[in-house]
Amino acid sequence: MTSNVETSADRAAQATPIIELRHVDKHFGDLHVLKDVNLSVGKGEVVVVIGPSGSGKSTLCRAINRLETIDSGEILIEGQPLPQEGKELAAMRAELGMVFQSFNLFAHMSILQNVTLGPTEVLGLPKAEAEARAMELLERVGVASQAHKVPAQLSGGQQQRVAIARSLAMHPKAMLFDEPTSALDPEMINEVLDVMVDLARQGMTMIVVTHEMNFARRVADRVVFMADGAIVEEGAPDEFFDHPTSERARDFLNSIKGH
């Protein structure tokens, strides 16, 4: 008979954020791009980061994966400091899926090869197992019929869905999305957002940097508004969009109305 009693260890595990930033600062030369950023993302939470261009959103996303180094502060993944380099960093990166503006697929490889490369080379999965898993994921994102084509034969929306499948193939603990639809034609945006909505519904922990306000309102557990390198305001989507508390957020939301 299984016990329903929750232990203190269970509670501690639930309380440990998947991703945590503590007093993170970052400069590019004289430009202070991240200013004392504190952010905590729990398991299964979808946090959408919005704000004007140049506010530090993409730098924040890239710093979590150590694609950008930070000057000071701490970044923790499940309570463990982000490794500086080497195998430990590679292992940690494998646990954080990242989807960029550009699709970053290997042009000379088939779609199937793109998705199986990480699991076979990094996770050590047998080729047959990796291919079976890849086909399941390509089916899930709606591009299984394109598996034997090369990226140039796919639309931008299809390529971005492949990029999502490639990240999922690594069994990530969380997914980071840096403006995943900004390079897409308008008709392709929804097909990528629909995949992301499904991921959110299935409990994937996600940080999404985006200009898609309808997506933010519909999917986010929390909206984080950044301006000038700092988190100015955060809250539940309806509360943020309907009742922003800072003048900076009100100005931003007024500027995008009608767009």
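Just so it is clear, the model here is predicted, and its values are computed rather than measured.

## What about the overall build of the chain?
Broken down by element type, the chain carries 10 helices and 10 strands. Taken over the C-alpha trace, the chain has a radius of gyration of 19 Å; the compact-globule value for 259 residues is 18 Å, and the two agree within 12%. Structurally, the chain occupies a C-alpha span of about 55 × 50 × 45 Å along its principal axes. Contacts spanning at least 24 positions in sequence make up 66% of the contacts within the chain whose residues lie at least 6 apart. Charged side chains in the chain number 24 positive and 36 negative. The centres of these two groups are separated by 2 Å.

## Focus on helix α4 (residues 111–121)
Residues of α4 that are buried: Ile-111, Leu-112, Asn-114, Val-115, Thr-116, Gly-118 and Pro-119. Elements that come into contact with the buried residues of α4 comprise α5 (127–140) and α6 (156–168).

## Thoughts on the UniProt feature "domain: ABC transporter" (unreviewed entry) in the chain
Mapped onto the present numbering, the UniProt feature "domain: ABC transporter" (unreviewed entry) falls at residues 19–253. Each end of residues 19–253 is marked by a C-alpha atom, and these two atoms are 27 Å apart; helix forms 39% of the span and strand 26%.

## Focus: the pairing of strand β6 (residues 96–99)
Burial of the side chains of β6 extends over both faces: Leu-96 and Met-98 are buried on one face and Gly-97 and Val-99 on the other. Looking at chain direction, β6 and strand β7 (residues 174–178) are connected through 4 bridges and run parallel. Bridge pairing in β7 places Met-98 opposite Leu-176.

## Structural notes on unusual backbone geometry
As a rule of thumb, non-glycine residues mostly have phi less than zero, and peptide bonds are mostly trans rather than cis. Located in the positive-phi region is His-23, a residue other than glycine, with phi close to 50 degrees. For His-23, a relative accessible area of 47% gives the class partly exposed. Positive phi is not limited to glycine here, since Asp-36 has a value of about 50 degrees. Secondary-structure assignment places Asp-36 in strand β2 (residues 31–41).

## Some remarks on the sheet that holds strand β3 (residues 46–50)
One open sheet accounts for 6 strands, arranged β6-β7-β8-β3-β9-β10; its pairing is mixed. Edge positions in the sheet fall to β6 and β10 (230–235), since each has one partner strand and no second. Pairs of neighbouring strands in the sheet enclose a mean axial angle of 15 degrees, with direction left out of account.

## Description of the pairing of β7
With 5 of 5 residues buried, β7 is to be regarded as a mostly interior element. Burial along β7 is two-sided: Ala-174, Leu-176 and Asp-178 and Met-175 and Phe-177, pointing in opposite directions, are all buried. As for the winding sense of the linkage, the β-α-β connection from β7 through helix α7 (residues 186–201) to strand β8 (residues 205–209) is right-handed.

## Thoughts on the packing of α4 against α6
Look at α4 against α6: their axes get within 8 Å of each other, and the N-to-C directions meet at 25 degrees. When the axes of α4 and α6 are compared, the pair comes out roughly parallel. For the pair α4 and α6, the crossing hand works out as right-handed. Here Ile-111, Asn-114 and Val-115 of α4 come into contact with α6, specifically with Val-162, Ala-165 and Arg-166. Of the residues belonging to the contact of α4 with α6, the class tally is 4 nonpolar, 1 polar and 1 charged.

Parameters at a glance
Residues numbered from 1 in each chain as written. Predicted model: local features only at pLDDT ≥ 70, side-chain atom pairs only at ≥ 80, totals over all residues. Heavy atoms only, no water. Helix = DSSP H or I, 4+ residues; strand = E, 2+ residues; numbered from the N terminus. Rg over C-alpha atoms; globule rule 2.2 N^0.38 Å. Contact = heavy atoms within 4.5 Å. Lys, Arg positive; Asp, Glu negative; His and termini not counted. Charge placed at Lys NZ, Arg CZ, Asp CG, Glu CD. Buried < 20%, exposed > 50% of the residue type's maximum accessible area, 1.4 Å probe, protein only. UniProt positions renumbered as here; feature names shortened; annotations may be inferred. Pairing = 2+ DSSP bridges. Axes fitted to C-alpha atoms, helices over the stretch in contact; angles between N-to-C directions. Right-handed = clockwise from strand over helix to strand, strands pointing away. Parallel < 35°, antiparallel > 145°, perpendicular 65-115°, else oblique. Left-handed = near helix turned anticlockwise from the far one by under 90°. Nonpolar A, V, L, I, M, F, W, Y, C, P; charged D, E, K, R; others polar.

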